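# Survey of secondary and tertiary structure
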Amino acid sequence: MLKGRSLIDTMDFSIEEVEEVLELANQIISNPEEFSHLCKGKLLATLFYEPSTRTRLSFEAAMLRLGGEVLGFSEPNSSSVSKGESIADTVKTIGCYADIMAMRHPKEGAPQVAAEHSPVPVINAGDGGHQHPTQTLTDLLTIKAAKGRLSNLTIGLCGDLKFGRTVHSLIKAMSRYENNKFILISPQELKIPEYLKKKLEKEQIYFSEIEKLDEVIGELDILYMTRVQKERFFNEEDYIRLKDSYILDEEKMEKASKDMIVLHPLPRVNEISYEVDNDPRAYYFKQVKYGMYVRMALIAKLLGVK
Amino acid sequence: MLKGRSLIDTMDFSIEEVEEVLELANQIISNPEEFSHLCKGKLLATLFYEPSTRTRLSFEAAMLRLGGEVLGFSEPNSSSVSKGESIADTVKTIGCYADIMAMRHPKEGAPQVAAEHSPVPVINAGDGGHQHPTQTLTDLLTIKAAKGRLSNLTIGLCGDLKFGRTVHSLIKAMSRYENNKFILISPQELKIPEYLKKKLEKEQIYFSEIEKLDEVIGELDILYMTRVQKERFFNEEDYIRLKDSYILDEEKMEKASKDMIVLHPLPRVNEISYEVDNDPRAYYFKQVKYGMYVRMALIAKLLGVK
Amino acid sequence: MLKGRSLIDTMDFSIEEVEEVLELANQIISNPEEFSHLCKGKLLATLFYEPSTRTRLSFEAAMLRLGGEVLGFSEPNSSSVSKGESIADTVKTIGCYADIMAMRHPKEGAPQVAAEHSPVPVINAGDGGHQHPTQTLTDLLTIKAAKGRLSNLTIGLCGDLKFGRTVHSLIKAMSRYENNKFILISPQELKIPEYLKKKLEKEQIYFSEIEKLDEVIGELDILYMTRVQKERFFNEEDYIRLKDSYILDEEKMEKASKDMIVLHPLPRVNEISYEVDNDPRAYYFKQVKYGMYVRMALIAKLLGVK
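Residues numbered from 1 in each chain as written. Chains lettered and ligands numbered in written order. Predicted model: local features only at pLDDT ≥ 70, side-chain atom pairs only at ≥ 80, totals over all residues. Heavy atoms only, no water.

## Digging into the domain arrangement of chain A
Residues and elements named next belong to chain A. As far as domains go, chain A holds domain 1 (10-131 + 290-303) and domain 2 (134-288). The distance between the C-alpha centroids of domain 1 and domain 2 comes to 26 Å. The partner domain 2 presents 23 residues to the 28 residues of domain 1 that form the contact. Of the roughly 2,200 Å² buried between domain 1 and domain 2, counting both surfaces, carbon and sulfur atoms make up 59%. The shortest N-O distance in the salt bridge between Glu19 and Lys144 comes to 3.1 Å. The tally of links from domain 1 across to domain 2 stands at 10 residue pairs in polar contact (both at pLDDT 80 or more). Listing elements by their share of the side of domain 1 that touches domain 2, those giving two or more residues are helix H1 (15-30), helix H2 (53-65), strand S4 (122-127) and helix H11 (284-303). (Domains from an automatic or database assignment. Contact = heavy atoms within 4.5 Å. Buried area = accessible area lost by both parts, 1.4 Å probe. Salt bridge = Lys/Arg side-chain N within 4 Å of Asp/Glu carboxyl O. Polar contact = N/O pair within 3.5 Å; in protein donor to acceptor, adjacent residues only side chain to side chain. Helix = DSSP H or I, 4+ residues; strand = E, 2+ residues; numbered from the N terminus.)

The structure is reproduced here in structure tokens:
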């Protein structure tokens, strides 16, 4: 039962609950018209304490395409927070206006605090380097749609595996399904954190750590590329030295299976060459569309209208 | 007849006109569904020349819950005003797009100028330290809902009574009803302005000025708490010395009548302890909800759709 | 056939296509109610990489008055562009959410690049000093509505003719209709660019260059006033010396024909005295309203819903 619940971390939902959301998303994809009045009279508040245009617009499009309405703010400057109000008071107030809210916050744990005080469901739209559960749901829906299953997959994750929260969340989420293997492709400096490695070992889930993408690309069902985010680096030199190390181009794509799909949470800088965009295995723009559909399903489920 | 009118100062409306708005707000509260298409096809423009998230969202939620739509800006940076356009020209232009507008402006009198030139109704959503009439209507609706009347009440106003415009407006508005008494609780430095004291004396309305909240709390029907706004102080020291002087906690609440209600225009900093929130006499979050309903009623009345 | 097309430059549309848009705009003006559900379920994204409140609100009001919905951003700060994403990727992403987009960009050519990559129609809402085609459509609709024709007109253009892109676009657009004459009224420093003069000469279209407005005002069917934009000047002195040179007041209006109409793209600073506003020949606020109607027609045509 998802009605009235909040979503802070993908792992808050059981496998069955995730399945329920993905199933509804698939129904919406098949027949969007049928769902275009589902949230009539409902309001979504988007509380973005840091700008994130694509995430905000995905939530807003999702709600509008369900026939609901949207209000909110996209930057902290234009909010009351400067007057020293607590998050608890803000969500108690906005919970008087809106039926559900999506919160983006630079501070880890802020959406959790919000959910504890809010009279309406709160969706975490990203908190610092911590969680971004609707991105993970997007990834799951895309994989399911492309491969027909969430198990028995060899998943390559490439790029910044140290700071990339979407990668950590996806590993955790995919670990819950049977017989998935993870190929972790990154420079030494950007390997996945120790805690995550220990978790995988403890749960006896197969993973390997590799430095070169072209050596393993042929084995993959899914290649998840990530951006080397400048803001995560401690100095400019490291960034410049590493940022181009893991670029996917058509040459590398030739070594990949014809069924492999390429995912990316976007925005990209140059880690996927533009020439790859026209490859039928490039799924990252389809992924954007799935992101909107999965948010539609999630909103509908938390509001209990479906 | 409120159709086509603007609201700049609560006192622009007669007692009967205020009553008309409150009466419609009560009908909306009883059956919001019935009013959810009232403003179909109508547009509200929110012109916020300074950010005020909660006021803006309250207006937007109000319009959206009436089935109308919203457009506007939430900061002066994103507006044309930087190109040197007059307020008169701005509202003549936006009056071509929208059916009604809510204006927040740092300069006193700006909404009045707007109303003089606008082809559509203008609602003052706060102008400097001057007027904020929809806050006053919110207070009146909350008092009426909680106490069943707007007369024969002992009203305590506590905190910054010098700069707090909501306090001044509430005193003026409640002075129009029979036999209300005002207990003004503040430090010497933050007493109500002389002009207001003279007005009360002239109209032979009872008021007393007191320094300590706990000495009078037992006599009150309504306790209106206010924030000690840092930005109103001339120096940091005064702020630090005074800000904690008038904090409402459960200990003080024990001395109050079981029927007393606590109001606050929000946001609060620390002038009401969080422990008070669960007290059934704490009405400040209900007040937020009433704020949305009273704006719904006001918009409907000025548009003449009800 | 305009369905699915983008509008980057007014000249992209044939005379017949412009006529099609103006014709629909006129139908909307006659009976707005009839069109108030035309874009039900459709989303317009407003991508404003620089603020332009009046243009943005005109687009948003247009879409809302067609029963559609709106999402977007009004400043670059609140967008993902700071993360180094290309315009191509941004529009491919936003094209997953929205059915049509309006883009304002400080860089010339950016909307053209957007149109080349977008899966949905792109409307240029102004790119640098380059094109602003919906302003030109607005001007054409206003002239047609006021004069009943787009040919056989004597058109005076006054003020900054060097940097004013709306002037250049209007000259090009009106040159396509038979027997129009242009009277170009400006100081030496702000005459129209050479390339435009050559174009007119080549096409054997009559124009004259004049310094004093009052010497020619009596001959005009249309007087198009423009703002002397401070930001276009290289130094403060030149601005101060020139800005008041071409002010329209009632004294000059007395010399004009009783059928002449005054247009202005707005915002104005002081180039039209307020006293002129009440003159029935002042058409600049009607022009604002026509701007909304022409955008309604354009959106409907590009979406192919009419």
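Next, the rest of the story.
## As for the relation of the copies chain A and chain C
Take chain A, turn it by 120°, move it 0.0 Å along the axis, and it overlays chain C with an RMSD of 0.0 Å. Look at the turn and shift together and you get a three-fold axis relating the two. In terms of C-alpha distance to the rotation axis, chain A has Glu69 of chain A as its closest residue, with the C-alpha 5.1 Å off the axis. An asymmetric contact is evident, with only 8% of the interface residues of chain A recurring at the interface of chain C. (Least-squares fit on C-alpha atoms with pLDDT ≥ 70 in both.)

## Remarks on the interface of chain A and chain C
Across the boundary between the two partners, chain A contributes 26 residues, which contact 24 residues of chain C. Buried surface at the junction of chain A and chain C, summed over both partners, amounts to about 2,300 Å²; 51% is from carbon and sulfur atoms. Looking only at chain A, the three residues that lose the most surface to chain C are Arg54, Leu57 and Arg65 of chain A, adding up to 24% of its buried area. Across the contact surface, chain A and chain C share 4 salt bridges. Counting across the interface, chain A meets chain C through 10 residue pairs in polar contact (both at pLDDT 80 or more). Looking at the side of chain A that touches chain C, the elements that each hand over two or more residues are H2 and H11 of chain A. The greatest single-element share of the side of chain A that touches chain C, amounting to 9 residues, is contributed by H2 of chain A. Counted by class, the side of chain A that touches chain C contains 11 nonpolar, 3 polar and 12 charged residues. (Nonpolar A, V, L, I, M, F, W, Y, C, P; charged D, E, K, R; others polar.)

## Remarks on the packing of helix H5 (residues 133-147) of chain A against helix H6 (residues 165-175) of chain A
Residue and element names in this part refer to chain A. Viewed as axis vectors pointing N to C, H5 and H6 meet at an angle of 55°, and their least axial separation amounts to 9 Å. Here H5 lies oblique to H6, going by the angle between them. Judged by the twist between their axes, the crossing of H5 over H6 is right-handed. Across from Gln135, Thr136, Asp139, Leu140 and Ile143 in H5, the residues of H6 making contact are Thr166, Ser169, Leu170, Ala173 and Met174. (Axes fitted to C-alpha atoms, helices over the stretch in contact; angles between N-to-C directions. Parallel < 35°, antiparallel > 145°, perpendicular 65-115°, else oblique. Left-handed = near helix turned anticlockwise from the far one by under 90°.)

## Re the relation of the copies chain B and chain A
Overlay of chain B on chain A (RMSD 0.0 Å): rotation 120°, translation along the axis 0.0 Å. Looking at the interface residues of chain B, only 8% of them are also at the interface in chain A, so each copy uses its own face.

## With respect to the interface of chain B and chain A
With 26 residues of chain B in contact, the opposing surface of chain A contributes 24 residues. Counting the surface lost from both chain B and chain A, the interface buries some 2,300 Å², and carbon and sulfur atoms represent 51% of this. If you sort the residues of chain B by the area they bury against chain A, Arg54, Leu57 and Arg65 of chain B come out on top, with a joint share of 23%. At the junction of chain B with chain A, the criterion picks out 4 salt bridges. Note that Asp277 of chain B is salt-bridged to Lys92 of chain A, the shortest N-O span being 3.0 Å. Applying the counting criterion to the chain B and chain A interface returns 10 residue pairs in polar contact (both at pLDDT 80 or more). Secondary-structure elements contributing two or more residues to the side of chain B that touches chain A are helix H2 (53-65) and helix H11 (284-303) of chain B.

## Describing the pattern of salt bridges
This model, assessed by the stated rule, comprises 51 salt bridges over all chains. In this structure, the salt-bridge partner of Arg268 of chain A is Asp89 of chain C, at a minimum N-O distance of 2.6 Å. In this pair, Arg268 of chain A is assigned in the loop between strand S9 (261-263) and H11 and Asp89 of chain C in helix H3 (residues 87-97), connecting two distinct chains. You can call Arg268 of chain A buried: its relative accessible area is 1%. Among the ionic contacts, a cluster of salt bridges with common partners joins Asp89 and Lys92 of chain A together with Arg268 and Asp277 of chain B. (Buried < 20%, exposed > 50% of the residue type's maximum accessible area, 1.4 Å probe, protein only.)

## Considering empty space enclosed by the protein
Per the counting criterion, the structure on display carries 5 cavities of 30 Å³ or more. Of the pockets and cavities examined, the largest cavity occupies roughly 770 Å³. As for the largest cavity, its lining consists of 36 residues, and the residues nearest its centre are Arg56 and Gly72 of chain A, Arg56 and Gly72 of chain B together with Arg56 of chain C. Going through the elements one at a time, H2 and strand S2 (69-73) of chain A, H2 and strand S2 (69-73) of chain B together with helix H2 (53-65) and strand S2 (69-73) of chain C are the ones with two or more residues in the lining of the largest cavity. (1 Å grid on protein atoms, 1.4 Å probe; cavity = no way out; pocket = protein on both sides within 12 Å on 5 of 7 lines; lining within 4 Å. Points joined across faces, edges and corners; volume = space filled by probe spheres on them.)

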